[in-house]
Structure formats: C-alpha cells, structure tokens
Amino acid sequence: METAEIRRRWLSFFEERGHTVVPSAPLVHEDPNLLFVNAGMVPFKPYFLGQETPQFTRATSVQKCVRTLDIEEVGKTTRHGTFFQMNGNFSFGDYFKEGAIALAWELVTRSQSEGGYGFDEKDLYASVYHEDEEAIAIWKKVAGLPDDRIVRLGKKDNYWNMGVPGPGGPCSEILIDRGPEFGAERDWEAGDRYLEFWNLVFMQDDLSAVRSKEDFDIAGGLPKKNIDTGMGLERVAYLLQGVDNIYEIDEVFPVISVAEDLSGRRYGANHEDDVRFRVVADHVRSALMLIGDGVTPGNEGRGYVLRRLIRRAVRSMRLLGVDAPTLAELLPVSKDRMKASYPELEAGFGRISQIAYAEEDAFRRTLSAGTTILDTAVAKAKSAGRSSLGGDEAFALHDTYGFPIDLTLEMAAEQGLQVDEAGFRRLMGEQRDRAKADAKAKKSAHGDTQVYRQVADAVGREVEFTGYDQTVTDA
Ligand code: ATP
Ligand code: MG
Ligand code: MG
Ligand code: MG
C-alpha cells in the first residue's frame, strides 16, 4: 500500500468517525523553545493545557515532524528518520481510553479490502504503563489480547508528561512482532523486532510538579480527560510495503536508486554503504521539507540542523565515492515523491533548490579549503615526528572550516596519523558551555513563549522547559 494511501485511509477513517481534519502545521512552530515540531500534538498544545478552547472535540492530522535527537540512529535502525510524518487522532474531553483503543484496533486489524491496514492480529502486542489496570482490561475486552501479548513497562517508555506542571498520563503502544530474524524473543528494548508503530497517550492526571520524565507528582485527576495518539506513517508504510525499513518505502527509496546510479555502487551489497545510502535519502528529504518550511542554513539553532543534514548527505555521497555535486540529481527526486502530499514543494522548488545547492557548493569549498589545512597540519606533525594531530588542530578545522571530526579522523588516518580526539572533545565541550551560557542570557532577555510564561507565572518561578526531546539550544 502506497504511503499516500495509508495517509488517505487514516484521515477518512477518523473523519467518518466525527474527527475534524486539521492540516499539518509547518515544521517551525511559534514556540521558540522547540527546535521543530516533533509530534502531532504540538499544534494542539494550547487545547491540552486548557489555554484555548477548540472548535471541535475530535481532531485528526498527519503532522510533519523532525527529531534531531534521532540523527545518529538514521540508517542504522529500521525505523528512525530525521523527518517523518505522525498520523494523529485527538480527543478533547470526548472519548477516552476505551474509545481510543477501539478505534486504533479497528483501523489496524480491519482488512485492506474494507479500508483498514489489515495487520494480522496474532502478530500484535500492546505495551501499557505497568499500573494502568484499566488499559489492560480494555485491551483484553476490546482486542481480545491474551496476557502474554500485553507488555507492562515503566515510566521511561509508557508515561507521558510535558516537562511542566499540567496534563500527564500513561500511554499504551501497539507493537508488531516482525519475527525471530529481527531480534530476541520478548526483547522490547531493542525495538526493531517488536516494532512500535502507534502510541496512544491517555491524558488523565494533573501533575503539580515535574522534575524529570520519571520524577513527578500527581495532584489528582484532570476534570477533562484527553487523548493524543501518534502513529508513524513511514513505519506503517514499511510494514505494509513488505520492505525492511523506512528508507525503502515509496516516498524515500527513489533517492537511493539515483544515488546507486551516481555512485556505481549497489544498495544491499555491504552494510556500511547501505547506511550511507539511507542517510543520503533521509537527509535529502529532511532538507527539502525544512527549506520548504522556511529554514535556511546557518551556524546555530534550526539553521545549523539544516546545515548539518545537507553536509552529512554530501559527505555520505563522498564516502560512496562521488566527489561531484549530487544534490541537483537527488533533491528533485525527493520532491517528486513528496509533492503529492505537499504540493507547495513544487511551487517553491526554485527557491528550495537554490538554497540547497548553494549550501552544497559552500560545503564543497569548505572541504577543499579544509583539506589544504589538514594536509599542512599532517606535514607539520610528520616532520616533528608526531604520530597524531592535536585536539586543537582538529578543533580549528571544525570551528573555522566546519570540518566534521569523523572527516578529520578519516583523512588523517589515510595519511597514517591519529587524532587527539579527547582533546578535540574537550574543546568542543568548552565551546558548547559558552554557547549555552549565551543562549540562556538571550532567553531571559527576550522572554519566553506564552505557554512557558503562563506556566512560570503559575508556579511563580522560571521553569526549565524539558518536555520535548529537543530545544533550540541543544543542536
Ligand atoms: P522509538 O522508541 O522507536 O524511538 P518513540 O517512542 O520515540 O519511538 P513516540 O514519541 O512514541 O516515538 O512517537 C509516536 C510514533 O511516531 C512512534 O510510535 C513511531 O511510530 C513514530 N516515530 C517516532 N520517532 C520516529 C522517527 N524518528 N522516525 C519515524 N517515525 C517515528
Ligand atoms: Mg524515539
Ligand atoms: Mg518508544
Ligand atoms: Mg513511543
């Protein structure tokens, strides 16, 4: 089933059941504490916090998301994209646990010929918060799940809060067993055998204090209980398309095909190259979507994330043996796959591609300038009889020429030298601390978001917003 069809079925399923279809918000949200929208609920946050009243009690969306924290996972797991789409259904004081579980179970198990996704019931598991007896009883009643397919997990995986006082609650996730070739029996942690693809959050608690994800006080129950769910569109696509991971789905794989042609290497031939192919396809798509939503490359915050994505894509192509510019071949392919769902990409492509290609050019210049500096440093080290480059030299290459450390390591190794990586990391850490101190000063100077300020007012102090896995300053 094509990704576009999975999306279409989602929206019509929930629309037919009384949900208002809400278009995706842009990736850049007004909340300055959030780097990018990273979950379907973000645009609905004011409703969940009770700051605004929605025109509806049920809504559904397919939200564009970017999670920079997942960048190192890309290409290595089967399931993490930097950009992905989260299908959501939401209830604002309307249906609760039983309604949410029944809807999810119906859509997931209904046959494809009857408009569902047609997953085989016997492969499905539900994780629950270990104390949520109510959810356990509903999974048994509504889905007929036996005890051994209900997995009790703790706060880390199955309790949700926003990092600030306010709504919180247990969650329940639907997992699918992909089979013994993908991991050990009942190993829920690893994630690629028992693939989590849909998270149902039951907002029922009123949290009076939140110290961390796993450390909070529940003051009582919420007067109005809410539902927030998120299903990974790409994860369902890879399951239903019979491929091995999210990089092989119809919306992503064509970029890998072009990268194969450009490099003369074949996807599937060796693991290292496969990871590079996947990184290229993922990052090209993320760059496309980010520039489409107005982000431009820069040295901090959002712009730096975009810069890093483009550079990693260029660098991965280089490791696949292609030194020539490639974005002009890759980006249009990604755009052609995404434009059915995001027609604005077609209209904006002149601007988008110009920005992307200019960044590629700049990085290619960086690479050649940095290479000259690196060669000089190598020659100096060798004539001094040293066997490694100093941390300060690696840091200067990074700081001045944007030379990633892995590139320095690899190119030094090609010339028989090591690099003082510990020294490099220490200097990076010092720089990060300085940037954090700067950002903090800036933040208190400019004030915070509405949400943030109201919460801070309510508790009478500055609140550190930690509810999401990324903030503007952690890039
Ligand atoms: P995982 O444990 O696999 O990292 P998660 O628990 O962080 O996933 P949630 O925060 O529960 O994910 O998000 C809801 C859903 O969004 C997930 O069940 C998954 O289907 C999807 N999702 C989350 N992160 C990604 C990602 N980086 N790429 C693709 N889909 C994702
Ligand atoms: Mg995750
Ligand atoms: Mg998880
Ligand atoms: Mg989850």
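Structure: above.
Residues numbered from 1 in each chain as written. Chains lettered and ligands numbered in written order. Predicted model: local features only at pLDDT ≥ 70, side-chain atom pairs only at ≥ 80, totals over all residues.

**Comments concerning the nonpolar core**
Reasoning step 1: In this structure, Ala104, Val255, Val280 and Ala287 are the most contacted members of the largest nonpolar core, which totals 100 residues.
Reasoning step 2: If we ignore the near neighbours within four places in the chain, the residues touching Val255 are Val280, Ala281, Val284, Leu330, Val333 and Ser334.
Reasoning step 3: Listed in part, the 13 residues of the second largest apolar core include Leu374, Ala381, Met411 and Val419. (Core = buried A, V, L, I, M, F, W, Y, C linked by C-beta atoms within 7 Å. Buried ≥ 20, exposed ≤ 12 C-beta atoms within 10 Å, placed from the backbone. Contact = placed C-beta atoms within 7 Å.)

**Section: helix H8 (residues 271–292)**
Reasoning step 1: Given a rise of 1.5 Å per residue, 22 residues ought to cover 32 Å, and the 32 Å separating the end C-alpha atoms of H8 matches this to within 8%.
Reasoning step 2: The element H8 is largely enclosed, with a buried count of 19 among its 22 residues.
Reasoning step 3: Just downstream of H8 lies Gly294, where phi reads positive at about 95°. (Helix = DSSP H or I, 4+ residues; strand = E, 2+ residues; numbered from the N terminus. Expected span 1.5 Å × (residues − 1).)

**With respect to the packing of helix H1 (residues 3–16) against helix H6 (residues 233–240)**
Reasoning step 1: Contact geometry of H1 with H6 gives a least axis separation of 9 Å together with a crossing angle of 120°. For the element pair H1 / H6, the angle class is oblique. Relative to H6, H1 is oriented so that their crossing is right-handed. Each of Thr3, Ile6 and Arg7 in H1 lies in contact with H6, whose residues at this interface are Leu233, Val236, Ala237 and Leu240.
Reasoning step 2: Partitioned by chemical class, the residues of the contact of H1 with H6 number 5 nonpolar, 1 polar and 1 charged. (Axes fitted to C-alpha atoms, helices over the stretch in contact; angles between N-to-C directions. Parallel < 35°, antiparallel > 145°, perpendicular 65-115°, else oblique. Left-handed = near helix turned anticlockwise from the far one by under 90°. Nonpolar A, V, L, I, M, F, W, Y, C, P; charged D, E, K, R; others polar.)

**Examining the site of ligand 1**
Reasoning step 1: Looking at ligand 1, there are 18 residues lining it, with Asp70, Phe84, Asn199, Gly230 and Gly232 nearest.
Reasoning step 2: At the level of elements, strand S3 (83–92), strand S8 (194–212), strand S9 (215–232) and H6 are the ones that each hand at least two residues to the shell around ligand 1.
Reasoning step 3: A total of 4 residues in the shell around ligand 1 trace back to one element, the largest contributor, which is S8.
Reasoning step 4: Looking at the shell around ligand 1, its residues break down into 6 nonpolar, 6 polar and 6 charged. (Near = placed C-beta within 6 Å.)

**Topic: helix H10 (residues 327–338)**
Reasoning step 1: With 12 residues, H10 extends 16 Å from end C-alpha to end C-alpha; this agrees with the ideal 16 Å at 1.5 Å per step.
Reasoning step 2: Listing the buried residues of H10 in full gives Leu327, Leu330, Leu331, Val333, Ser334, Lys335, Arg337 and Met338.
Reasoning step 3: Residues of H10 that are buried make contact with helix H7 (253–263), H8, helix H11 (344–347) and helix H12 (349–383).

**Observations regarding unusual backbone geometry**
Reasoning step 1: In this structure, Arg186 takes a positive phi of about 55° despite not being glycine.
Reasoning step 2: Within the fold, Arg186 resides in the loop between strand S7 (166–177) and S8.

Shape is all these values report; function is a separate question.
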